[in-house]
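Descriptive structure summary
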Amino acid sequence: MTIDQFLKAKALKVEEQLDKLLPLQQVPYKQLFEAARYSLLGGGKRLRPILTLATCEAFGGDEKAALVPACALEMVHTYSMIHDDLPCMDNDDFRRGKPSLHKAFPESQAVLAGDYLLTYAFDILSSAPHLTPQQIINLISTLAKKAGGEGMSAGQVMDIEASNQKVSLEALNHIHAYKTGALIATAVEFGAIVAGATVEQRHTLTLFANEVGLAFQIVDDILDVTAGEQKRGQTAASDVTNGKTTYVTLLGIEKSQEASEKLLQSALAKLDQLSLKTDHLAVIARLLVHRHK
Ligand code: IPE
Ligand code: IPE
Ligand code: MG
Ligand code: MG
Ligand code: MG
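A quick note: this is a predicted structure, and the numbers were derived from the prediction, not measured.

**Quick look at the coordination of the magnesium ion (ligand 4)**
For a metal with four tetrahedral donors the ideal donor-metal-donor angle is 109.5 degrees, while six octahedral donors give ideal angles of 90 or 180 degrees. Binding of the magnesium ion (ligand 4) to the protein goes through D84 (OD) and D90 (OD), at separations of 2.1 Å. Taken as a pair, the magnesium ion (ligand 4) and the magnesium ion (ligand 3) show a spacing of 3.1 Å, with D84 coordinating each metal. Residue classification places D84 among the buried positions, given a relative accessible area of 9%. For D90, a relative accessible area of 8% translates into the label buried.

**A closer look at empty space enclosed by the protein**
Applying the stated rule across the entire model yields two cavities of 30 Å³ or more. When its volume is computed, the largest cavity comes out at roughly 100 Å³. What lines the largest cavity is a set of 13 residues, and nearest its centre among them are S39, I82, R95, R96 and L101. Secondary-structure elements contributing two or more residues to the lining of the largest cavity are α2 (31-40), α4 (63-85) and β2 (98-99). No other element matches the four residues that α4 contributes to the lining of the largest cavity. Tallied by class, residues from the lining of the largest cavity come to five nonpolar, four polar and four charged. The computed volume of the second largest cavity comes to approximately 50 Å³. Around the second largest cavity, the lining residues are D159, A162, S163, V167, L172, I175, H176, K244 and T245. With three residues, the single largest contributor to the lining of the second largest cavity is helix α9 (residues 169-195). Residues of the lining of the second largest cavity, tallied by class, amount to four nonpolar, three polar and two charged.

What counts as what
Residues numbered from 1 in each chain as written. Chains lettered and ligands numbered in written order. Predicted model: local features only at pLDDT ≥ 70, side-chain atom pairs only at ≥ 80, totals over all residues. Heavy atoms only, no water. Donors = N, O, S within 2.8 Å, 3.2 Å for Na, K, Ca; no water. Buried < 20%, exposed > 50% of the residue type's maximum accessible area, 1.4 Å probe, protein only. 1 Å grid on protein atoms, 1.4 Å probe; cavity = no way out; pocket = protein on both sides within 12 Å on 5 of 7 lines; lining within 4 Å. Points joined across faces, edges and corners; volume = space filled by probe spheres on them. Helix = DSSP H or I, 4+ residues; strand = E, 2+ residues; numbered from the N terminus. Nonpolar A, V, L, I, M, F, W, Y, C, P; charged D, E, K, R; others polar.

Spelled out as structure tokens, the structure:
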């Protein structure tokens with residue numbers, strides 16, 4: 001199987017499971033499910049759930065057990081995108097190749113669909129099959145921290161606070177690690193928890209994921225200015241419009257590319273310390289950093 005086929009197969013598996021987990025419901029408030037499905041099933045590279053499945057596989061874990069956790073993570077990521085695009089946040093009208101949720105539905109419904117995806121993610125985790133109660137608790141606790149006050153939400157607060165402010169490279173690394181790195185690290189951590197990796201292995205994996213996560217957001221900063229709206233499927237130059245300090249504003253495109261490449265190489269060296277069953281994690285890490293959209 002080529003890596004392209006691998007990625008397509010995993011994305012399809014995730015999408016089929018998401019579709020099953022979140023059916024349309026014929027209830028008076030069916031708009032909640034329509035809105036959530038609009039964002040959740042409407043495109044997206046599925047990189048985080050693929051990372052979870054690939055990590056689980058690399059440690060010889062059972063993919064059947066990793067699928068629901070992978071989907072829970074994609075729901076939380078999707079909620080974060082819905083809220084990130086709101087007029088009170090980045091105010092972006094285009095996401096995943098179509099109008100942002102608050103453009104297709106009333107803004108209030110976009111906020112609520114985001115709330116629903118976040119809370120529902122924990123619901124499906126609590127009853128995820130093929131896992132021990134301890135594994136489920138570890139998954140819930142990790143996601144709660146990394147999507148919240150020790151990760152994404154904290155990072156989003158720092159990102160908003162830093163708009164139109166002078167920000168040092170050190171401070172920007174901190175923001176990026178929290179707003180984006182935390183969920184990328186969670187993706188890898190999820191795979192490790194499901195596969196029952198040891199504490200030492202998980203420690204090395206976290207070092208790997210933190211570097212990949214930072215590199216991922218550096219590339220996001222670059223693509224904000226270099227990738228066209230249609231190609232990338234989201235509003236172009238949003239960071240410029242919002243007065244964000246990014247890797248590009250601090251270092252320029254070329255130096256930013258160098259920084260992401262350096263992080264990638266350092267991350268790949270971490271993987272060499274683990275005796276993994278497949279090389280998919282390394283291939284995916286390269287793809288995350290060398291992506292064009
Ligand atoms: C975009 O994430 C937001 C960031 C955290 C940089 P992705 O680039 O993974 O977006 P989708 O899921 O493919 O839409
Ligand atoms: C997103 O950062 C980080 C989140 C956790 C939502 P950006 O605001 O740069 O992401 P895009 O560029 O809109 O996808
Ligand atoms: Mg943002
Ligand atoms: Mg944004
Ligand atoms: Mg961005």
